[in-house]
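# Survey of secondary and tertiary structure
As a plain string of letters, each chain reads:
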Amino acid sequence: MLSRTADHLYWMARYIERAENMARALDVTYNMSLVPNEDITEAMFWSPALEISGTTEIYERDIGEVTAANVINYLAMDQRNPSSIYSALKSARENAHAVRVTMTTETWESINSIWLEFNQFHKQDFSKKGLREFCDWVKTRSHLFRGVCFGTMLRDDAFNFVRLGTFIERADNTARLLDVKYHLLLPSGQEVGGAVDYYEWSSVLRSVSALQAYQKIFNDTIEPWRVAELLTLRCDMPRSLHACFDEIILILEALSKSKNNEAFRLAGEIHARLHYGKIKDIFQYGLHEFLSDFIKSNDLIGQEIHKHFLSATY
Amino acid sequence: MAKTNTFFDEMISGKDEIRSIYSAYSQWLKDTSSMQLKSKNQEAELLFRRVGITFNVYGETDGAERLIPFDIIPRLLSSKEWDFIYKGTVQRVKALNMFLHDIYHDQLIIKEGLVPQSLLQNSQYRPEMFGVDVPNQIYAHIAGVDIVRTDESQFYVLEDNLRTPSGVSYMLENRKMMMRLFPELFRRYSVAPVEHYPQVLLNNLRAVAQNGIEEPTVVLLTPGAYNSAYFEHAFIAQQMGVELVEGKDLFVNKNAVYMKTIEGPRRVDVIYRRIDDDFIDPLAFNEGSMLGVPGLLSVYREGGVTLANAIGTGVADDKATYMYVPKMIEFYLNEKPILENVPTYDLSKEDDLKYTLSHLNELVVKEVQGSGGYGMLVGPTSTKKEIETFREVILKNPDNYIAQPPLSLSQCPTLIDESIDSRHVDLRPFVLSGKETSVVPGGLCRVALKKGSLVVNSSQGGGTKDTWILEKNHHA
């Protein structure tokens, strides 16, 4: 397979996943904002959404004042924001367009129709109405995209790069979400499992489609440390870091064809940590430190994937 | 369906009778309401848009993609008519390939005085190709021969496209669409299939790999996603199951071409290139080209890779060369030309220029190297002012133009705003050469959607139709 093709497929999947996660973060923040809370200002409330998407700095540059309306529109529709849902879907489509020959007709049609349907939201102000419908639409289209890939693509390198993009992006997003929310919802000094609003934690879980899973597994009240465990170490939770790396390690092994490369080695190292790690140890080390390390290593794997497969020089 | 008398109508004969091959279709049309046609039309548009069959129009500021309008009424040709076109186009392309071999080798046709020496001064003549042997002596592996019809049995060749002819994806996709929209019509008509085109092409391309290569690697080289025909490049590559590559995916090393893959370099044997000569190798031609592969020409000349079409085919489909094709057929094949040329005035000749300038309102004047319907004058439909402006343009460089009488292109029923009206059409069958020369029964049928217009180019408001070649045993 051409290196360029692999690159486009990988980024196509990353951008779709990014759009979905952006929609999830927006949706959950918006839902939480509907619950009255006098202790928190609008800016305090919406800043985390920027942090999760890693856009705090460019937001400062492009917009400045943090208000609900500004953040919603910046994260959903702003063309200046490369991580906005608009930009992510546009980039996904451009990447797909460049290599449509390598994907199944259904996969291409699924991506192309996302872009065509996007027109219906043109110039809509989501801070006024329609945000939830929009987020649902993004999530549904992302599900559909993965389903179409899974259901129609030949299990070859192309498929592997699509999946690789999905899971690298998802691992990054889950780690960021957990990191930001954990700190927001647990002000310093407060005891783990202390007076944390059930509604807020359930929203976090819902944002990664994990509320029902939580209830089923723990059958108990929502405890922050269990939320952390669920989203990091549980391999049966599809958006957890462990689940992402179960996939990543298999894909990199298949792609490496028993040739050594740094991406595969690094992924193995992280995978082992998630596979054999204990949540108690993670908290002892510090969840924030653990997640920061994870985000850095995951990013490093991304760079190694580029070096080894996507921009190979001879 | 009023018939405009001066033009040949594909469906209705002079006595307002339905031609026999159209009788079943005409009956079907009568039985189908305009509402039904309209909804089929909408369905087609929706499907095409979803599949993403769009093209970029150069010069449109928004760079937007749009659909080439698709007309849901097919053009029908009998097996007898097709036989004639088939033999005529095959004969023509064989002669053109022999001509190309000749002018890049012994130049016998010039020595015999049948074509002028000045042809070698044409910018499309590539001296780099002189003395280079290409596999099977095939230069134009893919040729799109534009044919118009003016009467029951009168067909003319308008031009031979031998560089990077496009449009075959419409032949294939239009057929798929028609079978999806109107399965009942395909039960009534036995229409010759076109779906095997990519397979025929791939076999031909494999056949022109350099000797001794058992499993040649074929790739399709595209200028990239922003090229107007990119959809087609992607489509054909996919249908053939070959890699769609851009210049930056290829590199040259020690007299071989390689592509960059996730597993390292891989040797490429045959390149079906959809990039013009000028842009294919920045070291040899346009040095500013970012689309090509540096060093490709030198590998090609040494026989390290095969290019399809060959470099330098442009000299044979140039409008100035066009008028010599009948002579080529006689000279190389010792046969009489089956398909006729349109009578052509060569404005580099004094007599022809004089005649043309005094008959501008009756003639069509074209740039020798123009394409896509740009830079031409259609005398009969132009204003005095337009004619005078064009006269100035011609006089600046008469060598750059040819003139032809306007052709009464045949017309075909076409769906216009929910009702049926007649519009002018042409046909571009795709002639494939490699092992043998053959034509898949069908082609790109272009239709001028503007009432009265004779310009069928998609860039000038033309659309496409499916072309049905009826099988011999057909009886509707």
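As a reminder, the structure under discussion sits directly above these lines.
Residues numbered from 1 in each chain as written. Chains lettered and ligands numbered in written order. Predicted model: local features only at pLDDT ≥ 70, side-chain atom pairs only at ≥ 80, totals over all residues.

## A word on the pairing of strand β6 (residues 218-221) of chain B
Residues and elements named next belong to chain B. Alternating residues of β6 divide into Val218 and Leu220 and Val219 and Leu221, and every residue in both groups is buried. Examined bridge by bridge, β6 and strand β11 (residues 270-273) share four bridges and lie parallel to one another. Bridging from a neighbouring strand, valine 218 pairs with valine 270 of β11. By the bridge criterion, three bridges tie β6 to strand β7 (residues 243-245) in an arrangement that is parallel. When the sheet's bridge partners are listed, leucine 221 is paired in β7 with valine 245. Crossover connection from β6 via helix α8 (residues 230-240) to parallel β7: handedness right-handed. (Buried ≥ 20, exposed ≤ 12 C-beta atoms within 10 Å, placed from the backbone. Helix = DSSP H or I, 4+ residues; strand = E, 2+ residues; numbered from the N terminus. Pairing = 2+ DSSP bridges. Right-handed = clockwise from strand over helix to strand, strands pointing away.)

## Details of the pairing of strand β10 (residues 264-268) of chain B
Looking along a regular strand, one sees the side chains alternate between the two faces of the sheet. Residues and elements named next belong to chain B. As judged from the five bridges shared by strand β9 (residues 257-261) and β10, these two strands associate in the antiparallel manner. For threonine 261, the partnering residue across the bridge sits in β10 and is glycine 264. Hairpin connection from β9 to β10: two residues lie between these consecutive antiparallel strands.

## Some thoughts on unusual backbone geometry
Residues and elements named next belong to chain B. Backbone torsion omega between alanine 308 and asparagine 309 reads -5 degrees, so that peptide bond is classified as cis. Along the chain, asparagine 309 turns up in the loop between β12 (306-308) and α11 (314-317). At lysine 254, a residue that is not glycine, the phi angle is positive and equals roughly 45 degrees. Tracing the backbone shows lysine 254 in the loop between β8 (250-252) and β9. Unusually for a residue other than glycine, asparagine 255 sits at a positive phi of about 60 degrees. Within the fold, asparagine 255 resides in the loop between β8 and β9. The class of asparagine 255 is partly exposed, set by 13 C-beta atoms lying within 10 Å.

## Re the sheet that holds β6 of chain B
Residues and elements named next belong to chain B. Taken together, the four strands give an open sheet; going across it, the order is β7-β6-β11-β12, and neighbouring strands pair in parallel fashion. For this open sheet the edge positions go to β7 and β12, each flanked by a neighbour on one side alone. This sheet shows a mean twist of 30 degrees between the axes of neighbouring strands, independent of strand direction. Set on the sheet, helix α7 (residues 197-207) makes contact with β6, β11 and β12; between it and β6 the angle comes to about 110 degrees. Along the sheet, α8 contacts β6 and β7; its crossing angle with β7, the most-contacted strand, is approximately 150 degrees. (Axes fitted to C-alpha atoms, helices over the stretch in contact; angles between N-to-C directions. Contact = placed C-beta atoms within 7 Å.)

Keep in mind that these numbers describe shape and distance, not what the molecule does.
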